[in-house]
Amino acid sequence: MVVLSKLRKVGNYVRKRWSATDPDSYAHYKQGRERQRKQAERGREEAGRSAELDREEIQRAREYEERYAAERAAEEPQTESPRDDTAKPE
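S.K.: Any chance you could explain the pattern of salt bridges here in plain terms?
M.R.: Applying the stated criterion to the full structure yields 3 salt bridges. Linking E34 and R37 is a salt bridge whose minimum nitrogen-to-oxygen distance equals 2.4 Å. Of this pair, E34 and R37 both sit in helix α2 (residues 26-79), 3 residues apart, which is roughly one turn of the helix. A relative accessible area of 33% means that E34 is categorised as partly exposed. One salt bridge connects R49 with E46, and the closest N-O pair in it is separated by 3.3 Å. Placement of the pair is R49 and E46 together in helix α2, with a separation of 3 residues, close to one helical turn. By relative accessible area, R49 is classed as partly exposed at 43%. A residue is classified by how much of its surface remains accessible, and E46, at 44% relative accessible area, is partly exposed. Connected via shared salt-bridge partners are E34, R37 and E41.

What counts as what
Residues numbered from 1 in each chain as written. Predicted model: local features only at pLDDT ≥ 70, side-chain atom pairs only at ≥ 80, totals over all residues. Heavy atoms only, no water. Salt bridge = Lys/Arg side-chain N within 4 Å of Asp/Glu carboxyl O. Helix = DSSP H or I, 4+ residues; strand = E, 2+ residues; numbered from the N terminus. Buried < 20%, exposed > 50% of the residue type's maximum accessible area, 1.4 Å probe, protein only.

This is the structure we're talking about:
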């Protein structure tokens, strides 16, 4: 009995797959719709991920500019060291 049920399952599988190869079949239509849905979903996810990466990159650039602008401002008074008053007057 086990062998017969396995043969029946195999036969059903083959019959369904054979009918699904017809371009006018519902299974073919359903596979196409599923493929389109998944592609659209991947596209939306990619767009969201891309936008998020762009925001992070802009934020990093802003933080970089702020940090190094502050460091440059802190360095400016040090570069203007007091003049050496021991120089020979002319």
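And the narrative resumes.
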